[in-house]
Structures are given as C-alpha cells and as structure tokens.
Amino acid sequence: MRTVNTYIGRPIERVEDFRFLRGRGRYIADLKREGQWHAAIVRSPVAFGRIARIDAAPALKMPGVCAVITAPDISQPIPTIPFRRKNPTIAPYAQPIIAADYVRYVGEPVAVVLATGVELAEDAAQEVIIEINALTPCVDWRASAAGRPLLFPGTATNIASTFTAQCGDAAAAFAAAPYTRRERFSVQRHTASPLETRGLLAEWHAGDGRLTVCGAAKLPFFNRRALAGMMGLPETSVDYIELDVGGGFGARGEFYPEDFLVAFAARKFGHPIKWIEDRREHFMAIGHARQMDADIEIACQTDGTVVAMRGTMHVDIGAYVRPNGMTPVRNVIQFTAAPYRIPNLDFTGHGVLTNKTPAGTYRGPGRFEGCFFCERMIDIAAREIGVAPLEMRRRNLLTDQDMPYALVGIAPEDGFGDTECDSGDYRVTLERCLEEFGWDDKKALAGTLRDGRYHGIGIGCFIEGGASGPGESARIEVTSDGKVDVYVGSSAIGQGIETIMAQIAADALEIPMDDVRVLHGSTNYLKQGYGSYGSRATVMGGSAVVAAVEDMLKCFRDIAARKFSIVADDVSVSGGVARARDGRAMTLAEAAAAGVLTCEGTFTSDKRTYTYGTAAAHVAVDPKTGSVQLLDYVVVDDVGRVINPLTLHGQVVGATVQGFGSVFSENLLYDADGQLLVGSLADYQIPLATDYPHIRAITLARFPAPHNPLGAKGAGEGGIIPVGGAVTNAIASALSAFNVQPTDLPLTPPRLWDLIQRSRAPTP
Amino acid sequence: MQLQFEVNGQAVEIDIAPRTTLCDCLRDHLNLTGHAGCEHGACGACTVIVDGQAVRSCLMLAVQVAGASIVTVEGLADGDELSPLQEAFRKHHALQCGFCTPGMLTTLHALLSDEPMADADRIRDVLSGNLCRCTGYIPIVEAALEAREHYAKKQGSKAG
C-alpha cells in the first residue's frame, strides 16, 4: 500500500535526542518566571496522629518568607484527591490535599511555606511548629486487616476494597485434583524512582481567570479536570503544560496533593509558584508500589495440567486510596494466572490501608507481582509432580486456538472494559526464548557447583495488558510551508513519542518525516486527550494520528477537487501531492495556503492489547555470601507490530533492568513506628551500570493486534513483568541441592544466605 | 559573593550566595544544564567537567570553582553538530528521558579523554556512579565503546 515512505518498522534514530544530547532539554526545574515564589512543603514527621497545633509565626519571621498555608486557609471541606476508576467502597479513604485533623503517614503535607528563594523556603519550613498527638500506627498490613486500630473514624474496616476474580468451579476442581499445593509469597514495597523528581510551576492569570500548571506528565487531561473541579474553575480555564519529563514509570503525573497546593497558592497570592521535590521528599511523597502478600493454591493433574488456582492477596496500599490505588489490587487477581488456560479460578484481593505513603502504580502494576507468584508456584508444583517445568508450561500456555481468550472477570466492575486476550500463540515466545537462551545446553549446569558457586536456570512466562482505553485524540495542521504539525494527547515520559508519532504520521501522509513536527502532552493542544499510561501511547495515540490523517487526506482531496473543478473521486493523493487525471497537481502547502488545513482524529477502543512473552535467566549463587550474579538473561516478546525497533528494544531492556532492582535490592523499609528508613538514592539501591550487563531482548511481530489500525500492542511494561519469576526460579534451580524455594522478594544476599543456612541439606 | 570562572570557553562573572551549589548556579543563574537528581552525589546526573575532572556539581559550591574552567554538556558539541560521543548515543538509543544524559556524557567525555581505550568493564565501572533508570545502561556502554576510536584519534593527533 505505502510506496513512498516506510518509516514504520525501521530503527529510526530519535528526533528528541538532538535537544537532550546538547543540554537543550527543558525540565520543570529549568523553568523560571518573573516574580516567582518557591514553595516548600512541611510534612508530617509522625505516621499517625491528630494535629494539635500548627504555629507558623517563627517561619513567617524568617528572611524572604512571604506566606505559610495550612488547612484553615483552604475552603472547607478540604478537597480530596479524585479516583481514576469507580469503586463502591473507597470514598471514605480519599486523601485530603492537606492534613487538617489526622495525619496518616510520614510525609503527609501539613503546611506550605512560600518564599522568594528556594533555600529560604526550605529554611523556613524547618521553623514551622507542628504539634501532633501521636497515635499507635498500623505499619503491618496484618494488624491493619484485623482493624487494630481503625485508621478512619466512622469506618468499620481498614480494607478499602475487596475484589474477586472467579470462573469455573474452583472448589470442585480442588476437591477432585490428585495434586494440590499451597504456598505463601510476598513482594516488598518499592517505587518507580524516575531520575527527575517531581515539580510544578503554577501561574494565575487574574485578567482572564486562567490557571496554567507546568510540570504535567502521564494524565494532563484528567488532572486538569480534577484541579478545575477543586478550584471551582471551568475546565477550559486550566491548562496543564508538559515539559521534558525525566521518567514516569507509572508513578509520576498522577494527581498529588501538591498539584492542588501549588495551584492554590498561585491564585491566592498572584505570584507564579514553583515547587521542586527533593529526593528525600520524593521517597515519602510519590506513589509507592508492589507491597503484596499472596496465599495461593494450585491444583494439577499428574501430567502437569493445571486445573485450578485460588488464593488471597493482600496489597498494602498505604494511608489513603490515591487515584490509581486499586489498579494493582484488581490487576494481581486478574493477571496472576493470565498466560495459562486454567478453567477454574477463585482469587480475592484486598486493598489494605496502613500508615505508610499511599501506593499507586509502577510499571506492570499487579502483573509483576502476579507473574512472580504464578511462575514460582508452577515451578514448585512441577518439581513435586515430577514434570519438567518447560513441559508444564507447554501444556498450559494459551495457543492461537484459544484466541480470543477472556481473562477472568473482576468484581466489583471497575470500568476496565474488555479484558480479552486478543491474539497470539504463547508457546511461540517460549520456544524462541529457549532456543536463544540455549536452554538445552545450559540444562546440565542446573544445580551444579562450579568455582564455588551454584548455577541455576529458570523461566517465566507473562502477558502485558496494553492500550488502556477509552481513547485518544490527535489533530493535524498543515502550515503554509507544507510542514505538518501533529498534536497528540499522549504524554512524553521518555519513551520517544515525538519520533514514533512522526513515523506514523509521515507514513500515513506519505511525506518525509522531517516535514512532521509532533507536539504532545499539554491540554492546550486538544479539546480532549488522555495521556500515557497502561502501555497505551503508541497504540492509542498512534491510531488517533492515523484517524486524523485519514480525515486530512479527505480534506486535501476536497480542496484540490474544488480547485480543479472536478469531483473528489477523480483526485488522487500520494506523496503529499493531489493530482487530477489530466496532470494538474496541488501540494499540501498550496492547499494550506488556500486556508487553514486542520483535521482532528479520535481513536476509541475498550479492547486491550496483550503482548506476551517468556524470559529465561541463568544465575550463579555464592553459598558463602548469598549473592547472586546474573550470567545470562533472555526475554522474547510478541508485540504484534513494531513501530520502531530501536525505541521498543530500549523499553524492553530498560524495564528488565528495573525488574532486577525489584528482585534484588529496591526496598522501602519502614520501622515499627512507621518511619520510612529510606531517605536517599544511597539507601534505595536502583541497578547500577556494573550490575546486569548480560541481557538479550528479542521482539517478534507474529500476531498483529486485531483491534487497532496499526496492529501494534502496548509494549512499555512487558520487560519488567517476568523478571521476578524467571530469576527466582533460576535461584531455586541453583539451590536445588538445598531445596531452597525462595518465596519472598527482595532476594538480598542476607536473605538468601539465611535460606541456605536454614535448609536441611548438609552445608558445603 | 563575586565570582569569576570560565564555562564552555566563556568567561563568567557572577554575584552568588556562598551556599549555592555549582549545580544550582549553572541552572538558575547561568541557564545551563544542572540536573539535580538527588543533591547528594548518588545519581551523577549533575556531573560537569571542572579543570578536566568529572565532578558532581551538586556536591560542590559555586564559590569553589573560582578561577576554574568548566565544561557542561552544552560545551561538548561543536556548534549544532553532535560530537562523536553524542552521535553514538543517538545511534545506540543510549538515552530515553534524557535526564541522566548530560551527566553520562560529561563522565564519559572525561574518561575517554584520559583513557581512550577503556574497555567495557572499565566503562561500566566508571559509569557505576551515574544512575540511569530508563535504558538499563547496555546501550550507553555500547555508545561509549563506539566513540572510543574518535578519542584515540584525538589523543594520537595531540601526541603527534
């Protein structure tokens, strides 16, 4: 079809790199406004208590201090942060945008200091006196689930919501199965940790009653709606502006208390207000993720066919239900068994409140955790039944014959739409992964001691839900020089959408990519948009671009037809030129010169895409120290269609390495008083350049996505999902002589060393 | 206090509070890149080159660079042309969000200027002081390895 350009599918080097490589990226901290004030947030130093007194007077005497905001300065009732999805029970647990009475986690905003310089604001923040009558906090989810004590007066439980996922008849299947096995697993609290901390700059334009908030990411349109509602402004009077963003990974760009507080201050005082989070603050303020406990049971035939799974997951969601707080809870029960054909499922997921920083999403929410639980369970069962782990997966993975395959439904219904696996043969990525990894050659290494270390190999299969609905918009404008501006609702968080959208637009318009400029992520570009979350930007935004181009080509044809005084059907368009049969021609630039040439397109779909894949790991474990070296790691996924192999590969490898941080080192530890023990990037250990050099990622495009014009599937999260399962299975394989079966992350050297010591086998 | 130094070959004279870090000075007062990822020397995003050495500008006060010569990421390219190291970063997709990139480039520029034949292990070792949350480091190492040739030539021509 496309003859002129074929940008889609080629490893196009990114257009955004030119500015980043030369120091011309502009992030929120780089922004300055005349007369700006700086905000410093005073945060609760205790995990649970009632505010007795706040005295800002000493702070107000400090040099450069302009004002201090506390709850009484804000209209009553104090606004609460809205939820992204409906849920019948979470309303009492919404977070007030500033603490008025109770404080429920260390780091909860209590006051805002405004000063003429950032250092001055930070100095003064130390001087705000806060007296809190401390209460006994709930730090452990077990105590909290038992209601000791209740965190919200007037409620009957600390369980904010309970989801169930049921299909078939699990009880009957368990009763009849020859083999059943129950095990408990857990994943530790950690977080996305983008390298740039959050920041905002809000400006109030009194003349026309408009508010501009710079620092948007992920969900500018949702956040605008939320902020406008809280401030009593029409939605169209608020603009969220996106600058360059130093990483998102699901946590950045949700609506946080500071979104309101900074905007409120800007309107109240008429000065631009700038706030940049510091790293210590970041750890106690940005959404936490992943802390989860699973009690799971599997039922199998003796040949390894899985007939049922059931279990209960408790997710520690922290002190409040944040906008996306329930996503990991509902995802984990829907996705734990996801890549497999298991007819009987019965899962329950509880979102449990504790006195910790509220949780939200981190890349692959609920899927990383569920994959870890399931892949460990399958390896444990395979070992005990006496079936090879690979054979067990081959027997149960979904095939193209099963497609489309409805994932188990969730109650209460939460508006996630259709969750039906769309296409693929999950055995394809398994076999390809084994081949690339050299499984058969490495098999002999499993469990052997070489040079003082035990070697092991392990595997993990996964699916990734992408293309989150409901839709996305795009607008295309041809300028009078024939260049094309493409405006998309998708946000850029480092994934390269300026390049990807330009590839898609240039191919659809059959014009050179250099003629396309992509503008994104700000609410002033489009009437409606959504953003970048749930591996959706390329699929939803890209499909909206295709829709806008189709409209544009139709307009172009009509303009040319009028000029040539012929019917539009007699005009052909290719390569940016409209032609009549007699040879008369008109360029896009000429059409644009004749009047504004602009078209909008929308892509709407409630059908998800499901990228799938398999990862294999080869590790060496030192029994004397418990440390693990990753010797080889291969991940193979099928994304339907690849728009840009360079950026796609970057997504998979980058996500994989994040997953190693989740498995080995990242941990947001709290003490018994609810004090966060992590305050810096020296305590919170994200992977380093020296840690994981051996990673291979292979992406296939075997089964296109059937429900979007590109055939592409969301692919930003898949890489992280199988890491926990594959690596831990490899460690268990290495330590098979000890029958060490790790069930809890992170697998730090002390924890593994301890497991080895406690095993009954003789120590080496 | 009054301060004079050189940034990217240009003489600079500014009046700055003694407690201002070099990182904040570059960003807030000179409109250059000063990416503060942690402000405690752990992430390396703020790395600049001071008198030939890669240093964390968040751990240095601006007043400490009086009389020094500083190179920031803006000083690595020749006009609008990307340097060979920058070209290699683009080719290998060694950056995603771009926030760590200035520190990665300055660190590698300082390393390869001194040790143009640094091997992958040496490069990884030096980069272990710079955090990247997006790429997994593999393409950054590949880009550095590719750029070595250019630095070797430059050193060769200097020696010659």
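Please read all numbers here as calculations on a predicted model, not as lab measurements.

1. Describing the overall build of chain B
A tally of regular secondary structure across chain B gives 5 helices and 5 strands. Starting at the N terminus, the α and β elements of chain B follow one another as β-β-α-β-β-β-α-α-α-α. For 160 residues, the compact-globule estimate of 2.2 N^0.38 gives 15 Å, and chain B sits close to it at 15 Å. For chain B, the spread of C-alpha atoms along the principal axes amounts to about 45 × 40 × 25 Å. Burial statistics for chain B: of 160 residues in total, 54% are counted as buried. Relative to all contacts within chain B whose residues are 6 or more apart in sequence, the contacts with residues 24 or more apart total 60%.

2. Some words on the interface of chain B and chain A
The interface is formed by 43 residues belonging to chain B together with 42 residues belonging to chain A. Every element with two or more residues in the side of chain B that touches chain A is listed here: helix H2 (84–91), helix H3 (101–114), helix H4 (120–127) and helix H5 (138–159) of chain B. Ranked by the residues each element gives to the side of chain B that touches chain A, the list is headed by H2(B), at 4 residues. Its residues placed into classes, the side of chain B that touches chain A shows 22 nonpolar, 12 polar and 9 charged.

3. Describing the nonpolar core
Residue and element names in this part refer to chain A. Membership of the largest hydrophobic core comes to 308 residues, with the highest contact counts inside it found for Ala-39, Val-113, Val-486, Ala-505 and Val-545. Considering each element in turn, this core owes the most residues, 12 residues, to helix H15 (residues 537–564). Leave out the neighbours within four places in its chain, and Ala-505 touches Val-484, Val-486, Val-516, Val-545 and Val-549.

4. Regarding the environment of A:Val546
All names here are of chain A. Here Val-546 lies in helix H15. Residues Val-546 and Val-663, spaced 117 residues apart in sequence, show a C-alpha to C-alpha distance of 39 Å. If we skip the residues at most four places from it in the chain, Val-546 touches Ile-504, Ala-508, Pro-709 and Leu-710.

5. Let's talk about the sheet that holds strand S28 (residues 609–621) of chain A
All names here are of chain A. In space, the 5 strands of this open sheet follow the order S19-S20-S28-S29-S30, with mixed pairing throughout. Only two strands of the sheet have a single partner each, and these edge strands are strand S19 (449–450) and strand S30 (696–700). Alignment of strand S20 (residues 453–466) against S28, held across 13 bridges, turns out to be antiparallel. Within the sheet, the bridge partner assigned to Glu-464 lies in S28 and is Thr-611. Contacting strand S29 (628–638) and S30, helix H17 (residues 645–664) runs over the sheet at an angle of about 130° to S30.

6. Here's the deal with the domain arrangement of chain B
All names here are of chain B. The domain boundaries assigned to chain B delineate domain 1 (2–75) and domain 2 (84–159). Taken together, the contact pairs 15 residues of domain 1 with 12 residues of domain 2. Taken together, the elements giving at least two residues each to the side of domain 1 that touches domain 2 come down to strand S3 (47–50) and strand S4 (53–56). Looking at the side of domain 1 that touches domain 2, the element that brings in the most residues is S3, giving 3 residues. The class makeup of the residues in the side of domain 1 that touches domain 2 is 8 nonpolar, 7 polar and no charged.

7. What to know about the packing of helix H10 (residues 367–385) of chain A against helix H11 (residues 389–396) of chain A
All names here are of chain A. Between H10 and H11, the least distance of the axes is 9 Å, while the angle of their chain directions is 115°. The hand of the H10/H11 crossing is right-handed. Every residue of H11 that contacts H10 at Ile-378, Asp-379 and Ala-382 is listed here: Pro-389, Met-392 and Arg-393. Within the contact of H10 with H11, the residues separate by chemical class into 4 nonpolar, no polar and 2 charged.

8. Here we look at the sheet that holds S4(B)
Each strand in a sheet pairs with another by means of backbone hydrogen bonds, the pair being arranged parallel or else antiparallel. All names here are of chain B. Strand order in the open sheet formed by 5 strands is S2-S1-S5-S3-S4, with mixed pairing between adjacent strands. Among the strands making up the open sheet, the edge pair consists of strand S2 (10–15) and S4. Between one strand axis and the next, the sheet turns by 40° as a mean value, whatever way the strands run. Looking at chain direction, S3 and strand S5 (residues 69–71) are connected through 2 bridges and run antiparallel. Paired with Ile-49 across the bridge in S5 is Val-71. Contacts from H3 reach S3, S4 and S5, with the element oriented near 35° to S3.

9. Side note on unusual backbone geometry
All names here are of chain A. Cis geometry marks the peptide bond from Gln-76 to Pro-77, where omega comes out at -10°. Within the fold, Pro-77 resides in the loop between strand S3 (65–70) and strand S4 (102–103). With an omega dihedral of 0°, the bond running from Leu-745 to Pro-746 counts as a cis peptide bond. Note that Pro-746 resides in the loop between helix H18 (723–734) and helix H19 (749–758). Within the chain, Arg-290 stands out as a residue other than glycine whose phi angle is a positive 80°.

10. Points about the environment of B:Gln86
Residue position: B:Gln86 is located in helix H2. Measuring from C-alpha to C-alpha, the distance between B:Gln86 and B:His40 comes to 27 Å, with 46 residues separating the pair along the chain.

11. So, helix H7 (residues 257–269) of chain A
Residues and elements named next belong to chain A. Relative to the 18 Å expected for 13 residues at 1.5 Å per residue, H7 spans 18 Å between its end C-alpha atoms, a close match to the ideal helical length. Residues of H7 that are buried include every one of Pro-257, Glu-258, Asp-259, Phe-260, Leu-261, Val-262, Ala-263, Phe-264, Ala-265 and Ala-266, and no others. Residue Gly-270 follows H7 closely and has a positive phi angle near 70°.

12. Notes on the domain arrangement of chain A
Residue and element names in this part refer to chain A. Assigned domains within chain A: domain 1 (17–26 + 469–604), domain 2 (31–135 + 197–245 + 252–285) and domain 3 (292–467 + 607–758). Between domain 2 and domain 3, the C-alpha centre-to-centre distance is 36 Å. The interface of domain 2 with domain 3 comprises 25 residues on the first partner and 27 residues on the second. Tallied by class, residues from the side of domain 2 that touches domain 3 come to 15 nonpolar, 3 polar and 7 charged.

13. What to know about the pairing of strand S1 (residues 2–7) of chain B
All names here are of chain B. Direction of pairing for S1 relative to S2: antiparallel, over a ladder of 6 bridges. Residue Val-7 lies in a different strand from S2, and its bridge partner there is Gln-10. Linking S1 back to S2 in an antiparallel pair, the connection comprises 2 residues, with Asn-8 at a positive phi of about 50°.

14. A look at the packing of H10(A) against H18(A)
Residues and elements named next belong to chain A. It is at 7 Å that the axes of H10 and H18 come closest, and there the two elements cross at 30°. The way H10 lies across H18 gives a crossing that is right-handed. Across from Phe-368, Cys-371, Phe-372, Glu-375, Arg-376 and Asp-379 in H10, the residues of H18 making contact are Gly-724, Gly-725, Ala-726, Thr-728, Asn-729 and Ala-732. For the contact of H10 with H18, the per-class residue count stands at 5 nonpolar, 4 polar and 3 charged.

15. Let's talk about H15(A)
Taking 1.5 Å per residue as the helical rise, H15(A) with its 28 residues ought to reach 40 Å, and the 39 Å between its terminal C-alpha atoms agrees with that figure. Remark: A:Ser565 follows H15(A) within two positions and exhibits a positive phi of approximately 55°.

16. Describing the confidence of the model for chain B
In the predicted model, chain B carries a mean pLDDT of 96, and 99% of its residues have values of at least 70. In the model output, the complex is listed with pTM 0.97 alongside ipTM 0.97.

17. Focus: the pairing of strand S22 (residues 484–488) of chain A
Residues and elements named next belong to chain A. With respect to burial, S22 is a largely interior element, 4 of its 5 residues being buried. Direction of pairing for strand S21 (residues 471–478) relative to S22: antiparallel, over a ladder of 5 bridges. The partner of Ile-476 across the bridge, within S22, is Val-486. What sits between the antiparallel neighbours S21 and S22 is a turn of 5 residues, in which Gly-482 has the positive phi angle 85°. Where S22 lies against strand S23 (residues 516–520), 5 bridges are found, and the strand directions are parallel. Within the sheet, the bridge partner assigned to Val-484 lies in S23 and is Val-516. Note on the crossover from S22 through helix H14 (residues 497–509) to S23: the handedness is right-handed.

Rules behind the numbers
- Residues numbered from 1 in each chain as written.
- Chains lettered and ligands numbered in written order.
- Predicted model: local features only at pLDDT ≥ 70, side-chain atom pairs only at ≥ 80, totals over all residues.
- Helix = DSSP H or I, 4+ residues; strand = E, 2+ residues; numbered from the N terminus.
- Rg over C-alpha atoms; globule rule 2.2 N^0.38 Å.
- Buried ≥ 20, exposed ≤ 12 C-beta atoms within 10 Å, placed from the backbone.
- Contact = placed C-beta atoms within 7 Å.
- Nonpolar A, V, L, I, M, F, W, Y, C, P; charged D, E, K, R; others polar.
- Core = buried A, V, L, I, M, F, W, Y, C linked by C-beta atoms within 7 Å.
- Pairing = 2+ DSSP bridges.
- Axes fitted to C-alpha atoms, helices over the stretch in contact; angles between N-to-C directions.
- Domains from an automatic or database assignment.
- Left-handed = near helix turned anticlockwise from the far one by under 90°.
- Expected span 1.5 Å × (residues − 1).
- pLDDT = per-residue confidence, 0-100.
- Right-handed = clockwise from strand over helix to strand, strands pointing away.

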